[in-house]
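# Residue-level structure breakdown
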Amino acid sequence: MRMKVLIFAVVAVFYVQSAVGVDTHEHNKVVCYWNSTAFDRQGPGKFQLDDVRSALSLCTHLVYGFAGINPDSFEVVPLNPTLDTGVGYSYYKLTTQLKRSFPDLKVYLSIGGNADPNDEAHKYLVVTETAESRSKFINSINRLLNDYDFDGIDLAWQFPTVKVKKQRGTFGSLWHGLKKTFGYGKFKDDKEQEHRDGFTILVRDLKAQLRPRMKALTVTVLPHVNSSVYYDARLLAPNIDAVHLFTFDQKTPERNPQEADYPAPIYESFGRVPQDNVDATTRYWLENGTPGSKIVVGIPTYAKTWKLTSDSQISGVPPIVTDGPGAEGPHTNIPGLLSYAEVCSRLTESAVGRLRRVGDPSKKYGGYAYQPYNENTGEDGIWVGYEDPDTAGNKAAYAKAKGLGGVVIYDLSLDDFRGVCTGDKFPIIRGAKYKL
Ligand SMILES: *[C@@H]1O[C@H](CO)[C@@H](O)[C@H](O)[C@H]1NC(C)=O
Ligand SMILES: *[C@@H]1O[C@H](CO)[C@@H](O)[C@H](O)[C@H]1NC(C)=O
């Protein structure tokens, strides 16, 4: 009899564990973010549901970006209603249906991600403040999960970011307006502790709702959000399935218009801010009680670019003097940014606007490429800090060596999804996956 009870107990525990979905990808998660708004790009940059499909043999998780928060009701809302839930496209539904073809794939919906216009009232902070606002938010997620078959929710919370250190030079004010896009402007959060605690409770209560439904909960730390200010790693650990560290955009042409530097280094290089790298952020989470398997390292698929002028050193070596964002790419049309496809097509000998490529033998800082200012024609140059399959592989190797959970790719639409570089689609995801 006792034996039977024991066997029953063992079987029951086993059953519960497998039902709750013991992570089959404990150390080799390839979490693929999809910025669905890339649908709006014209021409070869346009990225749609069918383009996602060809990445899914490489990804273990697909994260649909992004939903937002209604500032009055604190409910989760689609940010592109026509695309997300409208009758024409209904991407929420079609995306979760991808699981029919990829039964092991987990599909999450992400909230925030700097895609949600922040308001004067700072809704991402206010939601955390009271039991009432938190439960409005959580109840709306419950309703959403009744309608759509997502496997989990990702909170890419739009916390205030660390301010840029004062730039030398005189052009700083020119770029001031751009800071508004970060949502907080000159705002100083006087209630950091309260918001940190409120977020911890929100995560705990949301997970309590998700657990019986067997839904996952992940947290994404956006660039420039100071982990140690807003994330109580120790208390979050039992209630999250993973933390995605967006350890890129450490330097951007908007924040640092007059100086280009490695945008997403693994380690600190000489004379740089010691916190602005993958290793420092990873260590914060590890040292504060997060199991390694729950820490997922971010890899961007795009480059950050700056304009080189007659004032820039001709060596190209960073940090280098620049004058704001580099020229936009033909497919993405965003100054200061190039997709990997746009970068790689300019690295070949015969390319128009050919970039000189400088690799990263140290495997610590990432690569860059540049075209110097042209003295004869007066044409501006460009400095490009980018990720390629090798540097992405270095980040995956870092994650593996530290026993972490894997990598998170941001995002699918900016990798070479048509395979123009070498014929392989999604070369950056591939480069990372095969080093895990
Ligand atoms: C998503 O892509 C669109 C179209 O290029 C762009 O405007 C937007 O900034 C991107 N959003 C995020 C959060 O990356
Ligand atoms: C983050 O916050 C901690 C604690 O307030 C502080 O010591 C650290 O310097 C901050 N990091 C950055 C990059 O500002």
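See the structure above.
Note that the structure is predicted; figures quoted are calculated from it, not measured.

### A short note on the site of ligand 2
Inspection of the region around ligand 2 gives Val 162, Asn 226, Ser 228, Val 229 and Gln 275 as its neighbouring residues. Between ligand 2 and Ser 228 there is a distance of 3.3 Å, counted from an oxygen atom to a side-chain nitrogen or oxygen. Gln 275 is positioned with one of its side-chain polar atoms (N or O) 3.2 Å from an oxygen atom of ligand 2. For ligand 2, the accessible surface in isolation is 360 Å², of which the surrounding protein chains cover 47%.

### Let's talk about the state of the cysteines
Scanning all chains against the criterion turns up 2 disulfides. The partner cysteine of Cys 344 in its disulfide is Cys 421, sulfur to sulfur 2.0 Å. Taking the sign of the torsion about the S-S bond as the criterion, the disulfide between Cys 344 and Cys 421, at about -95 degrees, is left-handed. Residue Cys 344 is located in helix α11 (residues 340–344), and its partner Cys 421 is located in the loop between β16 (406–410) and α13 (427–433); the two are separated by 77 residues in the primary sequence. Residue classification places Cys 344 among the buried residues on the basis of a relative accessible area of 11%. Numbered by order of appearance in the sequence, the disulfide-linked cysteines of the chain pair as 1-2, 3-4.

### Describing the nonpolar core
Of all hydrophobic cores here, the largest spans 107 residues; its most connected members are Ile 111, Phe 137, Leu 155, Trp 157, Tyr 231, Trp 285 and Leu 412. In this structure Trp 157 touches Ile 69, Ile 111, Tyr 124, Val 127, Thr 128, Phe 137, Phe 199, Leu 202, Thr 220, Leu 222 and Tyr 231, once residues within four positions along its chain are discounted. Judged by nonpolar contacts, the second largest core, of 8 residues, contains Ala 260, Trp 306, Leu 308 and Tyr 370.

### Observations concerning the side chain of Asn 394
Mapped onto the secondary structure, Asn 394 falls in helix α12 (residues 389–401). Look at Asn 394 and you get buried, because its relative accessible area is 14%. The contact partners of Asn 394, leaving out residues within four places of it in the chain, are Ile 266, Asp 360 and Lys 363.

### A look at the pattern of salt bridges
Pairs may arise between side chains of opposite charge once their charged atoms sit close together. Applying the stated rule across the entire model yields 18 salt bridges. One salt bridge in this structure joins Asp 241 and Lys 207, with 3.0 Å as the shortest N-O distance. Pair noted here: Asp 241 is in the loop between α9 (233–236) and β7 (242–245) and Lys 207 is in helix α7 (residues 192–210), with a separation of 34 residues, a long-range link. For Lys 207, a relative accessible area of 7% translates into the label buried.

Rules and cut-offs
- Residues numbered from 1 in each chain as written.
- Chains lettered and ligands numbered in written order.
- Predicted model: local features only at pLDDT ≥ 70, side-chain atom pairs only at ≥ 80, totals over all residues.
- Heavy atoms only, no water.
- Near = heavy atom within 4 Å.
- Polar contact = N/O pair within 3.5 Å; in protein donor to acceptor, adjacent residues only side chain to side chain.
- Areas by Shrake-Rupley, 256 points an atom, 1.4 Å probe, with all protein chains shown as cover.
- Disulfide = S-S within 2.5 Å.
- Helix = DSSP H or I, 4+ residues; strand = E, 2+ residues; numbered from the N terminus.
- Buried < 20%, exposed > 50% of the residue type's maximum accessible area, 1.4 Å probe, protein only.
- Core = buried A, V, L, I, M, F, W, Y, C linked by side-chain atoms within 4.5 Å.
- Contact = heavy atoms within 4.5 Å.
- Salt bridge = Lys/Arg side-chain N within 4 Å of Asp/Glu carboxyl O.

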